[in-house]
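What follows is the residue order along each chain.
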Amino acid sequence: MVRSTVLLFHKMESITNVMEYETIAKEKLPKMIYDYYASGAEDQWTLQENRNAFSRILFRPRILVDVRSIDTTTSVLGFKVSMPIMVAPTAMQKMAHSEGEYATARATSAAGTIMTLSSWATSSVEEVASTGPGIRFFQLYVYKDRNVVRQLVKRAERAGFKAIALTVDTPRLGRREADIKNRFVLPPHLTLKNFEGLDLGKMDKTYDSGLASYVAGQVDQSLSWKDVKWLQTITHLPILLKGVLTAEDARLAVESGAAGIIVSNHGARQLDYAPATVMALEEVVKAVQGRIPVFLDGGIRRGTDVFKALALGASGVFIGRPVVFSLAVDGEAGVRKVLQMLQDEFELTMALSGCRSIKEITRSHITAPWDSPRITPRL
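Attention in this report is confined to the structure presented alongside it. Source: prediction; values computed, not measured.

Observations regarding unusual backbone geometry
1) Next: Positioned with a positive phi, Leu64 is a non-glycine residue whose angle comes to about 55°.
2) Next: Take Leu64: it is sitting in the loop between β1 (58-59) and β2 (74-76).
3) Next: Judged by relative accessible area, Leu64 falls into the exposed class, the value being 86%.
4) Next: With a phi angle near 65°, Ala268 is a residue other than glycine that sits in the positive phi range.
5) Next: Residue classification places Ala268 among the buried positions, given a relative accessible area of 0%.

Comments concerning empty space enclosed by the protein
1) Next: Counting across every chain of the model gives 1 cavity of 30 Å³ or more.
2) Next: Each pocket or cavity is described by its volume, and for the largest cavity that value is around 40 Å³.
3) Next: Contributing to the lining of the largest cavity are Val18, Met19, Tyr21, Glu22, Arg301, Arg321, Pro322 and Phe325.
4) Next: Split into classes, the residues belonging to the lining of the largest cavity amount to 5 nonpolar, no polar and 3 charged.

What to know about helix α12 (residues 277-288)
1) Next: Counted at 1.5 Å a residue, the expected span for α12 with its 12 residues is 16 Å, and the 16 Å between its end C-alpha atoms agrees.
2) Next: When we look at burial in α12, the residues that qualify are Thr277, Val278, Ala280, Leu281, Glu282, Val284, Ala287 and Val288.
3) Next: On its buried side, α12 packs onto α4 (45-55), β8 (239-244), α11 (247-255), β9 (260-263), β10 (294-297) and α13 (303-311).
4) Next: Positive phi shows up at Gln289, right after α12, with a value of about 55°.

A word on the pairing of strand β6 (residues 135-140)
1) Next: The buried count for β6 comes to 6 of 6 residues, which makes it a mostly enclosed element.
2) Next: Neither face of β6 is open: one carries Ile135, Phe137 and Gln139, the other Arg136, Phe138 and Leu140, and all of them are buried.
3) Next: Pairing geometry for strand β5 (residues 114-117) and β6, over 4 bridges, is parallel. Among the inter-strand pairings, Met115 is bridged to a residue of β6, identified as Arg136.
4) Next: Of the strand pairs in this sheet, β6 and strand β7 (residues 163-167) are connected by 4 bridges, and their pairing is parallel. Looking at the pairing, Leu140 lines up with Leu166 of β7.

Criteria and cut-off values
Residues numbered from 1 in each chain as written. Predicted model: local features only at pLDDT ≥ 70, side-chain atom pairs only at ≥ 80, totals over all residues. Heavy atoms only, no water. Helix = DSSP H or I, 4+ residues; strand = E, 2+ residues; numbered from the N terminus. Buried < 20%, exposed > 50% of the residue type's maximum accessible area, 1.4 Å probe, protein only. 1 Å grid on protein atoms, 1.4 Å probe; cavity = no way out; pocket = protein on both sides within 12 Å on 5 of 7 lines; lining within 4 Å. Points joined across faces, edges and corners; volume = space filled by probe spheres on them. Nonpolar A, V, L, I, M, F, W, Y, C, P; charged D, E, K, R; others polar. Expected span 1.5 Å × (residues − 1). Contact = heavy atoms within 4.5 Å. Pairing = 2+ DSSP bridges.

Here's what the structure looks like:
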């Protein structure tokens, strides 16, 4: 036991990139929990593609630029953040670490960026708010019982949350075969804290995935564009639509009054063979024509990925799995380190590309597989 603890400590000390946390988390977490966080839908093609797609986008760095001073700060919905890297909503974080969302909230606040709390968190909006100041968004699933939705939104407002991230890609849960094999269920000592007093906080054991059964019973499959309008009548908070992948839906999002879009395929956990988010990003950006900001999640593991997303028109990115895996390995300190590593890598990428501020990152700094061949002028 002592030897394994020492080995784990040495592994943690030598971590130099975000991906290494997942390797250690796999050793540390029970199989059911690791598989829940790590797996995607069906063949997991989109899961691999979320990462692989970034490798097909290459840099066009500009040289001989004075990069002694690099500024990674930016503004998200009017809130100033230290970097365009934010924390995505990931469910049930106390499965990863006993402090769960508390630790993530403290780490994100210390990094000067935004945390998005999942509806299916194992800590409530009030508990997360109690960790201290910070800019926080609340991710929302729309339940069949709209009074539950009203209560949740009002509680998020009272707790000081600054925006609602409405998940729009989950009328039903994707087929996550690892969860079916493992008969995934929330461990009995934990509950979905935001629903605890509503008899909706427990997930029963089933013959397949307890979460899939829970979603089928509770989440509203009739959710449509009219409900985006309805949501605006019950809250003054800006609403981001999370799960947009096409130009058609991007235009409808603008028309519906959304304050922003998160280009997302739900971490490749919903519809397999949906495109990698970075492949869908530019289509969405062009469709909104600058009327609302566009963000991206899915596959971000390097500062270079962040730069590529911004060059394609994203206003910022959200990270999910790197947070839960670093949380599993080293709690709050792990999440802090992941955010710091990504910021450091992003800043270095900016310097090596000749960009001193976020606004200097342009489409001309990258080349993508769908670009027309460049005609090099003769000298």
